[in-house]
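Spelled out from the first residue to the last, the chains are:
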Amino acid sequence: MNDLTPIHKPLAEMTEAELRVQLADFYHLVSYMGWTELIFNHISVRLPGDEHAYLVNPMGLHYDEVTPENLLVVGVDGKLKRESPYKPNPAGFALHGVIHEHRPDVGCVAHTHTTPISAIVGKMAPISHDNFNGAQLYGRVAYHEFEGITIYDTERERMLASLGDKHVLVLRNHGIAVCEADIPLTFFLLWTVQRAAEIQCATAGIPGPDSTLPEGIKRKCAEDAQRLKDNSSFATLLFDAMVRKMKRDCPHFA
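Residues numbered from 1 in each chain as written. Predicted model: local features only at pLDDT ≥ 70, side-chain atom pairs only at ≥ 80, totals over all residues. Heavy atoms only, no water.

**With respect to the packing of aromatic side chains**
Tallying each qualifying case throughout the model produces 6 aromatic pairs. Between the aromatic rings of Phe26 and Phe187, the centroid separation amounts to 5.9 Å while the plane-to-plane angle is 85 degrees, which identifies the pairing as edge-to-face. In this pair, Phe26 sits in helix α1 (residues 16-32) while Phe187 sits in helix α6 (residues 183-204), placing the two residues 161 residues apart along the sequence. For Phe26, a relative accessible area of 0% corresponds to the buried category. Since its relative accessible area comes to 1%, Phe187 is described here as buried. (Phe/Tyr/Trp six-rings, centres within 6.5 Å; stacked < 30°, edge-to-face > 60°. Helix = DSSP H or I, 4+ residues; strand = E, 2+ residues; numbered from the N terminus. Buried < 20%, exposed > 50% of the residue type's maximum accessible area, 1.4 Å probe, protein only.)

Written out as structure tokens, the structure reads:
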């Protein structure tokens, strides 16, 4: 075994301290990749236990300023479960809380609205499955109609119903939420959606007919991607490599 061999631990076997470090790295990666929206948006991870509590960023801090120590412990009602000088963002609890409460297969939820993603979800057409990354999402995407800023209890059940058993929720005219069993898998999925959106936007700007994929090929591509997902060490290998690169390029994250 060398230093680059991924050591995958199921989320339920991780300590809170380990989850805090990994989640802070995720926040920093999103900033490093240019996917932030000022102080807005959220990434959350479920804490082991029966309370459905989760870690999330403090309101008012840029992703660069998130640390393992200042992450908040929040309940599914969006209220702090431990004292902190910071407050949670009320726009985060509705989406994150309801998923953590009702999707036991989900350990981590990430919400972004980068320019390519916001452009795609503002169109009537769905996310395209006719590019390499989009084909991997075939059968995994759900859609939810825009109801305004997600701060109301009343929207929680409708978002949950829209998501169903999928792992990507397109928030029409807004952005996306992706959710997976743990942090590395969620980062992998977020990157896949981001790349699919970037490619779809670029394709739309090139004149001429699109090259479309047969349904069988899309299905096969999604199944192959699922096999990579099932090999949890693959996502850990990817996540850890990107964290190492980020820390080389940005020593203040080390």
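**Remarks on the nonpolar core**
Of all hydrophobic cores here, the largest spans 62 residues; its most connected members are Leu23, Phe26 and Ile43. With 7 residues, α6 is the single largest residue contributor to this core. Apart from the residues within four sequence positions on either side, Leu23 is in contact with Ile43, Val45, Leu55, Val56, Leu71 and Ile183. (Core = buried A, V, L, I, M, F, W, Y, C linked by side-chain atoms within 4.5 Å. Contact = heavy atoms within 4.5 Å.)

**Points about the packing of helix α2 (residues 90-102) against helix α5 (residues 153-163)**
Helices that pack against each other are described as a pair by the angle of their axes relative to one another and the distance between those axes. Packing of α2 against α5 brings their axes to within 9 Å, and their N-to-C directions diverge by 55 degrees. By the angle between their axes, α2 is oblique relative to α5. As α2 packs across α5, the resulting crossing turns out to be right-handed. Residues Phe93, Ala94, Leu95, Gly97, Val98, Ile99, Glu101 and His102 of α2 touch α5, and the partners they reach there are Asp153, Arg156, Glu157, Met159, Leu160 and Leu163. (Axes fitted to C-alpha atoms, helices over the stretch in contact; angles between N-to-C directions. Parallel < 35°, antiparallel > 145°, perpendicular 65-115°, else oblique. Left-handed = near helix turned anticlockwise from the far one by under 90°.)

**Describing the layout of surface pockets**
In this structure, the second largest pocket encloses a volume near 290 Å³. If you go around the second largest pocket, you meet 13 residues; those closest to its centre are Ser128, Gln200, Thr203, Ala204 and Asp210. Residue contributions to the lining of the second largest pocket peak at 3 residues, all from α6. (1 Å grid on protein atoms, 1.4 Å probe; cavity = no way out; pocket = protein on both sides within 12 Å on 5 of 7 lines; lining within 4 Å. Points joined across faces, edges and corners; volume = space filled by probe spheres on them.)

**A closer look at the side chain of His113**
Structurally, His113 can be placed in the loop between β4 (108-112) and α3 (115-121). On the basis of relative accessibility, which here comes to 15%, the residue His113 falls in the buried class. Here Glu37 takes part through its side chain, which lies 3.4 Å from a polar atom of the side chain of His113. Only 2.8 Å separates the side chain of His113 from the side chain of Asn41, close enough to count as a polar contact. Dropping the residues within four chain positions of it, His113 is found in contact with Glu37, Asn41, Ser118, His174 and Gly175. (Polar contact = N/O pair within 3.5 Å; in protein donor to acceptor, adjacent residues only side chain to side chain.)

**Notes on the pattern of salt bridges**
For the structure on display, the rule yields 16 salt bridges. Residues Glu18 and Lys9 are paired through a salt bridge, measuring 3.1 Å at the closest nitrogen-oxygen approach. On the basis of relative accessible area, Glu18 is assigned to the partly exposed category, the value being 30%. For Lys9, a relative accessible area of 31% puts it in the partly exposed group. One salt bridge in this structure joins Arg140 and Glu180, with 2.8 Å as the shortest N-O distance. Of this pair, Arg140 sits in the loop between α4 (132-135) and β5 (141-144) while Glu180 sits in strand β7 (residues 175-180), placing them 40 residues apart in sequence. A single burial state applies to Arg140 and to Glu180, both of which are buried. (Salt bridge = Lys/Arg side-chain N within 4 Å of Asp/Glu carboxyl O.)

That is the geometry; function is a separate question.
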